[in-house]
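# Structural overview for review
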Amino acid sequence: TQILIFNIFVNLLVNFLQGLRSNIPSESPTIFFATPTKLVSESNAPVEYMGANKVPDLQRIFQASEEIPVHLKRGVSDRLLYRTTMALTVGGALYCLVALYIAAQPKNK
Amino acid sequence: MAHQAHAYHMVDPSPWPLTGAIAALLMTSGLAIWFHFHSTVLMTLGLILLLLTMYQWWRDIIREGTFQGHHTPPVQKGLRYGMILFITSEVFFFLGFFWAFYHSSLAPTPELGGCWPPTGITPLDPFEVPLLNTAVLLASGVTVTWAHHSIMEGERKQAIQSLTLTILLGLYFTALQATEYYEAPFTIADGVYGSTFFVATGFHGLHVIIGSTFLAVCLLRQVQYHFTSEHHFGFEAAAWYWHFVDVVWLFLYVSIYWWGS
């Protein structure tokens, strides 16, 4: 998986160095975009306003064809967040059951 | 995903419904534990889990729509139905609190002095801060419509500016309402007047905060080029929600602040 992610980043770098082109993908035919984004050369406004458009790159990452579910498709940070959430879920559920069990005990006078 | 022969979205398996359900369990049990045993650990854990679930679930929806292209026209139609049904359910939620208000205020009991506002209650002047709040929310309705048209016309800078203005107006409303709450001469414990006033306006304020947050997420997405001039349903959903919040306020203002004084 790490090699795959590395490959994706190498592709990103190569595409970036080749300059912004129109959105026709150069390799996989399964990649598609909702609507074509504007070419930088087409805009009359200043080139960038509040950052560059990273959506095509993200579209490439998320449309890479391995069978990773969408909630883990970004790699390490997704896994970290998922595992933290799951740990809190399972731990919390157990803690809750224990707390409710204790709460259900009759009070001894 | 690659070779589906239909336009619908078969989602990847996701853990977030489970984590969300456990979060609800933890928050509700945590509330009971807080009331009886003075410990907020369970409830806090539930809240954290809720925030983590919301963040990751909605992040995944953005990934599925904007980055993977799953939100085809039929899928978007379903999302529209969903948002409209959700807002309708919220309308019914508020309807209940308006029912409670009118039940108590149309036929005030002898215990209240047979009048509304009840004896001893000094209501807020509807032509001071509440009127300003009305103007603020109406203005925010204009700016959010401006933002929508800017997005549809591909005007990136204007969309960002008008959306920011909308959010600022929402925050201004919240700040004004907070000071009103602080300065009010009556509390939630002051009989049925206090109960109906603070529960109805309180839930409304919570919805303003939720709506402002939704719009803020849309602002972030607009800056990051997620919206196109043809496809920006996330923003439309936020705008619908915002208009709903505005309309609820108008009913609150006319019923509780104005007629109810």
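Note that the coordinates shown come from a computational prediction; the quantities given were computed from them, not determined experimentally. (Residues numbered from 1 in each chain as written. Chains lettered and ligands numbered in written order. Predicted model: local features only at pLDDT ≥ 70, side-chain atom pairs only at ≥ 80, totals over all residues. Heavy atoms only, no water.)

## Quick word on the interface of chain A and chain B
Rules: Residues are treated as being in contact if the distance between any of their heavy atoms lies within 4.5 Å. Summed over both partners, the accessible surface that disappears when two parts come together, traced with a 1.4 Å probe, is what is meant by buried area. Any Lys or Arg side-chain nitrogen found within 4 Å of a carboxyl oxygen on Asp or Glu counts as a salt bridge.
Listed by partner, the interface residues are 34 residues for chain A and 41 residues for chain B. Summed over both partners, the interface of chain A with chain B buries about 3,200 Å², with 72% contributed by carbon and sulfur atoms. Of all residues in chain A, Tyr 49, Val 70 and His 71 of chain A bury the most surface against chain B, accounting for 18% of the area lost on that side. Residue Arg 59 of chain B pairs with Asp 78 of chain A through a salt bridge whose shortest N-O separation is 3.3 Å.

## A look at helix H2 (residues 55-62) of chain A
What counts here: Relative accessible area decides the class of each residue, using a 1.4 Å probe on protein chains only: under 20% of the type maximum gives buried, over 50% gives exposed, and in between gives partly exposed. Secondary structure elements follow DSSP: runs of H or I no shorter than four residues count as helices, runs of E no shorter than two count as strands, and numbering proceeds from the N terminus.
Of all 8 residues making up H2 of chain A, 6 are buried, and the element is well covered by its neighbours. Along H2 of chain A, the residues that are buried comprise Val 55, Pro 56, Leu 58, Gln 59, Ile 61 and Phe 62 of chain A.

## Comments concerning the UniProt feature "domain: Heme-copper oxidase subunit III family profile" (unreviewed entry) in chain B
Convention followed: UniProt positions are given in the numbering used here, feature names are shortened, and annotations may be inferred rather than shown by experiment.
Under the local residue numbering, the UniProt record ascribes the feature "domain: Heme-copper oxidase subunit III family profile" (unreviewed entry) to residues 4-261 of chain B. For residues 4-261 of chain B, the helix share is 76%, the strand share is 0%, and the end-to-end C-alpha distance is 61 Å.

## Quick look at the UniProt feature "transmembrane region" (unreviewed entry) in chain A
Here the UniProt feature "transmembrane region" (unreviewed entry) sits at residues 80-104 of chain A. Between the C-alpha atoms that bound residues 80-104 of chain A there is a distance of 36 Å. The span itself is 96% helix and 0% strand.

## Some points on the UniProt feature "transmembrane region" (unreviewed entry) in chain B
Residues and elements named next belong to chain B. Under the UniProt annotation, "transmembrane region" (unreviewed entry) lies at residues 16-35, 41-58, 79-102, 129-147, 159-177, 197-220 and 240-260. Helix makes up 100% of residues 16-35 and strand makes up 0%, while its end C-alpha atoms are separated by 28 Å. Between the end C-alpha atoms of residues 197-220 the distance is 34 Å, and the span holds 100% helix and 0% strand.

## Remarks on the packing of helix H3 (residues 73-106) of chain B against helix H7 (residues 233-259) of chain B
Residues and elements named next belong to chain B. Note the threshold: Geometry is summarised by axes, namely lines fitted to C-alpha atoms with helices restricted to the contacting stretch, and by angles between N-to-C directions that run from 0 to 180 degrees. Under this scheme an angle from 65 to 115 degrees is roughly perpendicular, one under 35 degrees roughly parallel, and one over 145 degrees roughly antiparallel; angles in between are oblique. For this scheme, ten residues count as nonpolar: Ala, Val, Leu, Ile, Met, Phe, Trp, Tyr, Cys and Pro. Four count as charged, namely Asp, Glu, Lys and Arg, and the remainder, Gly too, count as polar.
It is the contact of H3 with H7, at a shortest axis distance of 11 Å, that shows an interaxial angle of 10°. Relative to H7, the element H3 is oriented roughly parallel. Tallied by class, residues from the contact of H3 with H7 come to 21 nonpolar, 3 polar and 3 charged.

## Remarks on the packing of helix H4 (residues 129-152) of chain B against helix H5 (residues 156-183) of chain B
All names here are of chain B. Stated formally: Two helices that cross are described as forming a left-handed crossing if the nearer one is turned anticlockwise from the farther one by less than a right angle, and a right-handed crossing if clockwise.
Their axes nearest at 8 Å, the elements H4 and H5 cross at an angle of 160°. Here H4 lies roughly antiparallel to H5, going by the angle between them. For the element pair H4 and H5, the recorded crossing hand is left-handed. Within the contact of H4 with H5, the residues separate by chemical class into 17 nonpolar, 8 polar and 1 charged.

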